[in-house]
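Spelled out from the first residue to the last, the chains are:
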Amino acid sequence: HLQQRVIPTEARIRLANLNLIATIEGRKVAQENMNIAETTLRNARASVAVGQAPEINIVQAQVDVERNREQLLLADVRISDAEDILRTLVLDPARPDYWELKLESTDTIQLTPREIDLSAAIKNALANRLDLTVARRNLEITDLNIRATRNTTLPTLDFGATYSAQGTGGTQLVFGEGFPPPVLSRTDKSYGSVLSDTFLGAYPTWTVGMQFAYPLGHSREQANLAQQEIRRRQETLNIRDLELQVVREVRDAGRLVQNSYQRVLTTRAALDASERQLEAEDRKFAAGVSTTLELQVRQQQLANAKVSALQAMIDYNRALITFDRAQKSGIR
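Residues numbered from 1 in each chain as written. Predicted model: local features only at pLDDT ≥ 70, side-chain atom pairs only at ≥ 80, totals over all residues. Heavy atoms only, no water.

Draft legend 1. Spatial organisation of the packing of aromatic side chains. Evaluation of the coordinates by the stated rule reveals 2 aromatic pairs. Aromatic side chains Y98 and W99 sit 4.9 Å apart centroid to centroid with 80° between the ring planes, which places their arrangement in the edge-to-face category. According to the relative accessible area criterion, Y98 is buried, its value standing at 7%. A residue is classified by how much of its surface remains accessible, and W99, at 56% relative accessible area, is exposed. Seen in terms of ring centroids, Y261 and Y316 are 5.6 Å apart; in terms of plane orientation they differ by 50°. Their pairing is tilted. Taken together, the residues span a long stretch of sequence, with Y261 in helix α6 (residues 220-286) and Y316 in helix α7 (residues 292-326) at a distance of 55 residues. Under the relative-accessibility criterion, Y261 is labelled partly exposed at 22%. (Phe/Tyr/Trp six-rings, centres within 6.5 Å; stacked < 30°, edge-to-face > 60°. Buried < 20%, exposed > 50% of the residue type's maximum accessible area, 1.4 Å probe, protein only. Helix = DSSP H or I, 4+ residues; strand = E, 2+ residues; numbered from the N terminus.)

Draft legend 2. Layout of the packing of helix α4 (residues 130-152) against α6. Contact geometry of α4 with α6 gives a least axis separation of 9 Å together with a crossing angle of 160°. Judged by the inter-axis angle, α4 sits roughly antiparallel to α6. For the pair α4 and α6, the crossing hand works out as left-handed. (Axes fitted to C-alpha atoms, helices over the stretch in contact; angles between N-to-C directions. Parallel < 35°, antiparallel > 145°, perpendicular 65-115°, else oblique. Left-handed = near helix turned anticlockwise from the far one by under 90°.)

Draft legend 3. Summary view of the packing of α6 against α7. Axis separation between α6 and α7 bottoms out at 7 Å; the angle between their running directions is 160°. The angle between α6 and α7 places the two elements in the roughly antiparallel class. As α6 packs across α7, the resulting crossing turns out to be left-handed. Taken together, the residues of the contact of α6 with α7 sort by class into 21 nonpolar, 11 polar and 10 charged. (Nonpolar A, V, L, I, M, F, W, Y, C, P; charged D, E, K, R; others polar.)

Have a look at this one:
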């Protein structure tokens, strides 16, 4: 079935595109963290230059800068990997620029709250899921085969009637007695006369017949009928199991969407708190009542909070894709 291949492929493309967007957004976060680390390094050098801080602060800030530089390099690698995965799904390998063409998604990670109506989603899935539709059609085919096979196990009474007409043509001779017999008369009939005799029923012939058959013993047809009835019961049980699986998958996917959205709200609140903490630590560091190490701890906390908030939004969008697919086809 074409749709059974189209829907999973569409979901893979959406997920691959989301993964590309996520890696691009992840690099933006890494660059923001890099900017913060470089600012800290400049501040540390300025403080050391005027004798307000020990030189170890510069070393600590440089370590943080290099650590963020490494994250930028890893982010570039992840973007390239995500591009290649999406490339294999949307581009023709026969293109001469297949590997050189750069894929850039114009989308961004969006947080679009969606009201999840599980009852409506389950009803839609039970009515339209492709795997259920295929299973039900197979059951219909089995029912047709059962009816056809059952008919072959019943007694049969066949009636038949045939009608035929003929015509004669050519030269007809009437002979008398003697040897050789004399020709008494001659009659010539044309081809048109033959057709006239045939279609006007000059010489009709009717045949009527009747045939009665009764199966004796356990015939091969009865054995086939029993096998098909067993198959029908098995298919019915499979459909019931599949319906339960569909309901479970839709419910799980719906809960995942709801939980992912709550996680987004939680990580955003944590990100706001980390930003305020870093701002306060920056003021303390500028006043000389905080150390570079304490500032770096706050910076790392903010970096982790940004990554967690981004990952939560990515997971939420993935959950939406999974929820949509669960109503159309299997998610495994």
